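One letter stands for each residue in the lines below.
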Amino acid sequence: MRKYLDYSVEQILALCAIPSPSGYTKKASEYLISELIALGYSPSVSNKGAVLVELGGTGEPLVISAHVDTLGAMVRSINAQGRLQLTMIGGYPENYVESENCVIHTRCGKQYSGCILLKNPAVHVNREIADTKRNFANMEVVIDEKVATVEDVKKLGISAGDFVSLDPRTVLTTSGFIKSRHLDDKAGSGLLLGVAKYFASHKMTLGRKVYLFFTVYEEVGHGGACGFPADVREMLVVDMGAVGDDLGASEHVVSICAKDSRSPYDYDVTNKLIATAKTHKLEYAVDIYPFYGSDAAAALAAGHDIRHGLIGPGVAASHGYERTHVDGLENTLKLIIEYIKRE
């Protein structure tokens, strides 16, 4: 199992390096397709850009999903000083991106680096900094180019509607921690590639038809609404496990979600996930996520008649500078593989 875990970690690091805020995910999808083809599969792409691949098997179809889109921003306007005002993609507290390096992706294909700062950010000049509300009304992107006016910025090819990606600052420590933005859900996507590699190597006959599905609009609410085969009867979402006060999950376990802020997950699916974790002596926690929604909710809201479950490695500091550990990744990878094999 170790080589599949190592491969998954390698893929997580590679995916974190590819900018993919919701709506700007083509390069991430292309990367997934190239990796799946290299493993011997024949992936397809939906009209929305989601990637679907069949692992094989016969019997009642199961789709296992993760999302490759991330949080980010978009240029709302250019102000008189040649700075950029932003609008949010996804949901996060704006203080989480203060002083963060970023990249502006223009519609003409050029890219420019910048930094998201408070307006008038020098403590030697502005005594009100500590009390300034952190929001995009009071924050701006300072572009790393010689610009001082609206026209200067427009000459670079930057305009409203350009995507802005955040520097992931990905680090793999010698102690096994991965620190990065966008582990939600590059961690889940990397694990699904590990699952694909495992079954490509073992060439076993699966007891049910299994699909992997990588969505591209989860952070804005409609990633799982469509794009997977009509014959699917069950959906297992692999997303980050919530870590925080009064929750059992940590960065070292696989988290099994019994209920999120929208609804309970399917009783029988959740029971089977727990039983599988127990049988294979995995480190796991069963939790309720108080402020959370997944692609399963999007699928159900769109009218799909499916059973649904949610698991993932414990990820700390969600929607900020996140952290997980290879222990949690390993427990999650094993649970996915054993869950497929038990059917």
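I will try to describe carefully the structure that is included in this document.

**Concerning the overall build of the protein**
For the protein, the count of helices and strands is 7 helices and 18 strands. Its C-alpha radius of gyration of 21 Å places the protein within 12% of the 20 Å reference for a compact globule of 343 residues. Each of the three principal axes of the protein carries a C-alpha extent, and together these read 65 × 40 × 40 Å. The buried share of the protein, reckoned over its 343 residues, is 55%. Once local pairs closer than 6 in sequence are excluded, the contacts in the protein between residues at least 24 apart make up 76%.

**Observations concerning the packing of aromatic side chains**
Tallying each qualifying case throughout the model produces 6 aromatic pairs. Ring plane angle 75° and centroid distance 5.2 Å describe the contact between Tyr4 and Tyr198, whose orientation is recorded as edge-to-face. A residue pair is termed long-range when its members are at least 10 positions apart, and Tyr4 in helix α1 (residues 2-16) and Tyr198 in helix α4 (residues 183-202) qualify at 194 residues. This pair shows no difference in class: Tyr4 is buried, exactly as Tyr198 is. Between Tyr198 and Phe199 the ring centres are 5.0 Å apart and the planes differ by 85°, which places this aromatic pair in the edge-to-face class. The burial state of Tyr198 is the same as that of Phe199; both residues are buried. What links up through ring pairs into an aromatic cluster is the set Tyr4, Tyr198 and Phe199. Directly above the ring of Tyr7 sits Lys197, whose terminal nitrogen or CZ lies 5.0 Å from the centroid.

**Things to note about the sheet that holds strand β11 (residues 177-180)**
Here 3 strands make up an open sheet; going across it, the order is β10-β11-β18 and the pairing antiparallel. Two strands bound the open sheet, and with one partner strand each, they are β10 (171-172) and β18 (322-325). Bridge count for β10 against β11 is 2 bridges, and the pairing is antiparallel. Opposite Leu172, over in β11, you have Ile178 as the bridge partner.

**Points about the pairing of strand β3 (residues 62-67)**
Looking down a regular strand, the side chains alternate between one sheet face and the other. Along β3, 6 of the 6 residues are buried, which leaves the element largely enclosed by surrounding structure. In β3, alternate side chains face the same way, and those of Leu62, Ile64 and Ala66 on one face and Val63, Ser65 and His67 on the other are all buried. Pairing analysis gives 6 bridges linking β3 to strand β12 (residues 210-215), with the strands arranged parallel. In the sheet register, His67 faces β12, and the bridge partner there is Thr215. Where β3 lies against strand β13 (residues 234-238), 4 bridges are found, and the strand directions are parallel. Residue pairing in the sheet places Val63 in a bridge with Met235 of β13.

**Details of empty space enclosed by the protein**
Tallied over the full model, the rule gives 1 cavity of 30 Å³ or more. What the largest cavity holds in volume is close to 70 Å³. Around the largest cavity, the lining residues are Leu71, Tyr92, Tyr96, Val97, Leu166, Arg181, His182, Asp184, His319, Gly320 and Glu322.

**Some remarks on the packing of α1 against α4**
The N-to-C vectors of α1 and α4 enclose an angle of 140°; their axes lie 8 Å apart at closest approach. One way to sum up the angle between α1 and α4 is to call them oblique. Crossing of α1 against α4: the hand is right-handed. Packed against α1, whose contacting residues are Tyr4, Tyr7, Ser8, Gln11, Ile12, Leu15 and Cys16, the element α4 presents Leu183, Lys186, Ala187, Ser189, Gly190, Leu191, Leu193, Gly194, Lys197, Tyr198, Ser201 and His202 at the interface.

The rules behind each value
- Every residue gets a number counted from 1 within its own chain, in the order that chain's sequence is written.
- Thresholds applied to this predicted model are a pLDDT of at least 70 for local features of residues and 80 or more for the giving and counting of side-chain atom pairs; totals over whole chains, interfaces and linings are not thresholded and use all residues.
- With hydrogens and water set aside, each side-chain value is computed from the structure's full complement of heavy atoms.
- What counts as a helix is a DSSP run of H or I of at least four residues, what counts as a strand is a run of E of at least two, and both are numbered from the N terminus.
- As a reference, a globule follows 2.2 Å times the number of residues to the power 0.38, and the radius of gyration itself is taken over C-alpha atoms.
- Each residue is assigned to one of three classes by its accessible area relative to the maximum for its type, calculated with a 1.4 Å probe on protein chains only: buried under 20%, partly exposed between the two thresholds, exposed over 50%.
- Note on contacts: a residue pair is in contact if any heavy atoms of the two residues lie within 4.5 Å.
- To pair, rings of Phe, Tyr and Trp, with the six-membered ring standing in for Trp, must have centres within 6.5 Å; the planes then decide the type, stacked if under 30 degrees apart, edge-to-face if over 60, and tilted in the middle.
- Charge-over-ring contacts are defined here by two conditions on Lys NZ or Arg CZ: a distance within 6 Å of the ring centre and an angle within 35 degrees of the ring normal.
- Whether two strands pair depends on DSSP finding at least two bridges between them.
- In this analysis, the protein atoms alone were mapped onto a 1 Å grid. Cavities are point sets where a 1.4 Å probe fits without being able to get out; pockets are open sets with protein on both sides within 12 Å along at least five of seven lines; lining residues have an atom within 4 Å of a point.
- Grid points are joined across faces, edges and corners, and a volume is the space filled by probe spheres set on the points.
- Note on definitions: angles span 0 to 180 degrees between N-to-C directions of axes, and those axes are lines fitted to C-alpha atoms, for helices only across the stretch in contact.
- In these notes the angle categories are as follows: under 35 degrees is roughly parallel, over 145 is roughly antiparallel, 65 to 115 is roughly perpendicular, and the rest is oblique.
- Helix crossings are classified by the rotation of the near helix relative to the far one: an anticlockwise turn of less than a right angle makes the crossing left-handed, while a clockwise turn makes it right-handed.

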